Amino acid sequence: MPPATPVPRLSWWGHAWRVVVVLLASLTLWVLTLESLEDAGFEEHPLTVWVLVGDPVLCLLLVVLVVVARRRLPLPVALATAALTAVSPMAFGPATLALCSLATRRRPRELLLVGGTTVVAALVFEAVYPEPSPLPLWAAALVVSLFVAVVLAVGWSVGTDRDHLVTLRDRAETSEREQHARVAAARSAERTRIAREMHDVLAHRISLVAMHAGALTYRTDLAPEQQAEAARTIEENAHLALRDLRDVLGVLRADAVDATLAPERPQPGLTDLPDLVAEARAAGTRLTFEDRTEDEVPATTGRTVYRLVQEALTNARKHAPGCPVTVSVEGRAGRAVEVVVSNPVPLGAGAALPGAGLGLLGLHERVDLLGGVLRHGPEDGRFVVRASLPWAA
């Protein structure tokens with residue numbers, strides 16, 4: 001049994017033209033019935049009063065019943081109108097509309113029941129009302145059966161079209177919901193990427209600013225040249241932080257490309273590590289750097305290596321200020337890239353710079369996306385960040 005299909009609500013015109021067609025069909029059969037009664041002796045026939053008075057009234061009642069209730073009570077309405085066609089010529093129009101409406105449900109048992117009732121009622125009608133040249137019983141049954149089959153086919157086709165439209169509408173709504181979900185997921189991923197980039201870029205700069213500002217605050221014995229150098233470092237890193245922040249937020253620009261805007265800078269990679277190391281050394285970090293990569297590292301892997309070293313240096317400045325840091329990168333094509341950043345664990349519980357605590361979590365996400373492994377923690381008195389990244393990501 002096909003599932004129930006939501007029936008569209010009809011407008012006043014949708015009801016009006018159906019009523020007009022029903023009344024025209026009923027009126028046509030009514031006129032033909034009057035002609036047959038006239039041939040058989042109009043004034044003396046016992047059905048004359050019923051056809052002239054009762055049948056039109058019954059037709060109007062059936063039209064109202066079919067229009068109002070055929071969708072709420074399709075089977076009872078179709079059965080009632082089909083049965084009344086046995087004695088009422090004008091019930092033919094409402095019965096046809098009710099049968100066609102029932103066929104849109106596409107339920108074979110209901111259609112067999114009402115279709116059979118319609119054929120039997122038509123044969124009774126042939127017996128009750130006189131015909132100048134009546135058809136044989138089998139011929140009358142065949143004609144009525146063909147008519148019923150046509151009505152059922154039309155109704156079935158309408159129901160199929162409705163199901164098709166409902167299916168298309170459901171697919172469109174589902175596609176729209178999936179599109180909204182994809183857009184929401186893309187926005188969430190982009191926000192996460194922006195947050196990660198802002199942390200990676202700004203934490204490095206701000207840690208340098210904070211370290212030098214702290215030096216100016218607590219080191220009152222610095223020479224004027226040293227104070228000026230520290231102030232210059234603070235100023236430079238503050239400007240660099242603002243520039244990096246502007247570059248990161250560039251991903252939030254409008255969809256329309258502005259030709260006046262400079263293109264976004266490429267993301268840093270392994271080739272930018274020497275600049276990062278030099279910057280850290282200039283800021284006062286005692287740093288040993290070894291790059292033992294034998295081939296050109298793919299861009300995605302190189303970018304992850306850069307961010308990993310950058311975050312490790314930032315954490316070292318925060319939690320182990322003044323301690324020497326060792327950075328080692330090793331790898332070649334076809335093998336994993338090994339990154340090790342370590343520094344001694346400070347003995348004293350000095351005041352560490354505040355942080356969000358999300359740096360290592362962000363590194364885990366980056367390494368996991370590449371299919372690598374990240375480990376970190378104390379080893380023999382040193383805090384070690386160790387990562388193994390696939391060569392081709």
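Please refer to the structure higher up on the page.
Residues numbered from 1 in each chain as written. Predicted model: local features only at pLDDT ≥ 70, side-chain atom pairs only at ≥ 80, totals over all residues. Heavy atoms only, no water.

A.B. asks: Is there a simple way to explain the overall build of the protein in this structure?
C.D. replies: Looking only at helices and strands, one finds 10 helices and 5 strands in the protein. By the burial criterion, 36% of the 393 residues in the protein qualify as buried. Carbon together with sulfur atoms contributes 63% to the accessible area of the protein, which is approximately 22,900 Å² in total. (Helix = DSSP H or I, 4+ residues; strand = E, 2+ residues; numbered from the N terminus. Buried < 20%, exposed > 50% of the residue type's maximum accessible area, 1.4 Å probe, protein only. Areas by Shrake-Rupley, 256 points an atom, 1.4 Å probe, with all protein chains shown as cover.)

A.B. asks: Whenever I open this one, the packing of helix α3 (residues 74–84) against helix α4 (residues 92–103) confuses me. Can you help?
C.D. replies: The axes of two packed helices give the description: the angle between them and the distance between them. Two elements in contact, α3 and α4, have axes separated by 8 Å at closest approach and are oriented at 150°. Seen from above, α3 lies across α4 with left-handed handedness. Of α4, the residues touching α3 (which contributes Pro-74, Leu-75, Val-77, Ala-78, Thr-81 and Ala-82) are Pro-94, Ala-95, Ala-98 and Leu-102. When the residues that make up the contact of α3 with α4 are grouped by side-chain class, the tally is 9 nonpolar, 1 polar and no charged. (Axes fitted to C-alpha atoms, helices over the stretch in contact; angles between N-to-C directions. Left-handed = near helix turned anticlockwise from the far one by under 90°. Contact = heavy atoms within 4.5 Å. Nonpolar A, V, L, I, M, F, W, Y, C, P; charged D, E, K, R; others polar.)

A.B. asks: Any chance you could explain the packing of aromatic side chains here in plain terms?
C.D. replies: Describing an aromatic ring pair means giving the distance of the ring centres and the angle of the ring planes. Summed over the entire model, instances satisfying the criterion amount to 1 aromatic pair. Look at Phe-92 and Phe-147: their rings are 5.4 Å apart centre to centre, the planes differ by 35°, and that puts the pair in the tilted class. In this pair, Phe-92 is assigned in helix α4 and Phe-147 in helix α6 (residues 137–218), connecting sequence segments 55 residues apart. Given the relative accessible area of 36%, Phe-147 is considered partly exposed. (Phe/Tyr/Trp six-rings, centres within 6.5 Å; stacked < 30°, edge-to-face > 60°.)

A.B. asks: It is not clear to me how a nonpolar patch on the surface should be interpreted in this structure. Could you clarify?
C.D. replies: Together, Val-49, Leu-52 and Val-53 line one region of the surface with nonpolar side chains, adding up to about 270 Å² of accessible area. Here Val-49 is to be found in helix α2 (residues 48–69). For Val-49, a relative accessible area of 60% puts it in the exposed group. (Patch = residues over 30% accessible without salt bridge, like charges linked within 9 Å, V, L, I, M, F, W, Y side chains within 5 Å. Salt bridge = Lys/Arg side-chain N within 4 Å of Asp/Glu carboxyl O.)

A.B. asks: Could you clarify how one ought to interpret the environment of Ala-282 in this entry?
C.D. replies: Take Ala-282: it is sitting in helix α8 (residues 273–282). C-alpha of Ala-282 to C-alpha of Thr-233: the two residues are 49 residues apart in sequence and 8.8 Å apart in space.

A.B. asks: I'm lost on the sheet that holds strand β2 (residues 325–331) in this one. Help?
C.D. replies: The strands making up a sheet associate through backbone hydrogen bonding, with each pair oriented either parallel or antiparallel. Spatially, 5 strands are ordered β1-β2-β3-β5-β4 in an open sheet, and the strand pairing comes out mixed. Taken across any chain shown, the strands that pair with only one partner, and hence form the sheet edges, are β1 (287–293) and β4 (373–379). Taken pair by pair, the neighbouring strands of this sheet meet at an average axis angle of 10°, ignoring direction. In the sheet, β2 pairs with strand β3 (residues 337–344) via 5 bridges, with the strands oriented antiparallel. Considered in β3, the bridge of Val-329 is made with Val-339. Helix-sheet contacts for α8 involve β1 and β2, and the interaxial angle to β1 is about 170°. Its contacts with the sheet put helix α9 (residues 299–319) on β1, β2, β3, β4 and β5 (382–389), and the angle it makes with β3 is roughly 5°. (Pairing = 2+ DSSP bridges.)

A.B. asks: Looking at this structure, I do not really get the pairing of β1. What am I missing?
C.D. replies: Put simply, side chains in a regular strand alternate between the two faces of the sheet. Note that β1 and β2 share 7 bridges and pair parallel. Within the sheet, the bridge partner assigned to Phe-289 lies in β2 and is Val-327. Note that the unit made of β1, α9 and β2 has a crossover that is left-handed. (Right-handed = clockwise from strand over helix to strand, strands pointing away.)

A.B. asks: I'm lost on the nonpolar core in this one. Help?
C.D. replies: Within soluble globular proteins, side chains that are nonpolar tend to cluster in buried spots. The biggest cluster of nonpolar side chains holds 29 residues, and the ones touching the most others in it are Val-51, Leu-99, Val-114, Val-148 and Leu-152. Counting only elements with at least two residues in this core, the list comes to α1 (12–39), α2, α3, α4, α5 (108–128) and α6. The biggest single contributor to this core is α4, with 6 residues. Listed in part, the 28 residues of the second largest apolar core include Leu-287, Tyr-306, Ala-312 and Leu-313. (Core = buried A, V, L, I, M, F, W, Y, C linked by side-chain atoms within 4.5 Å.)

Purely geometric stuff here, so don't read any function into it on its own.
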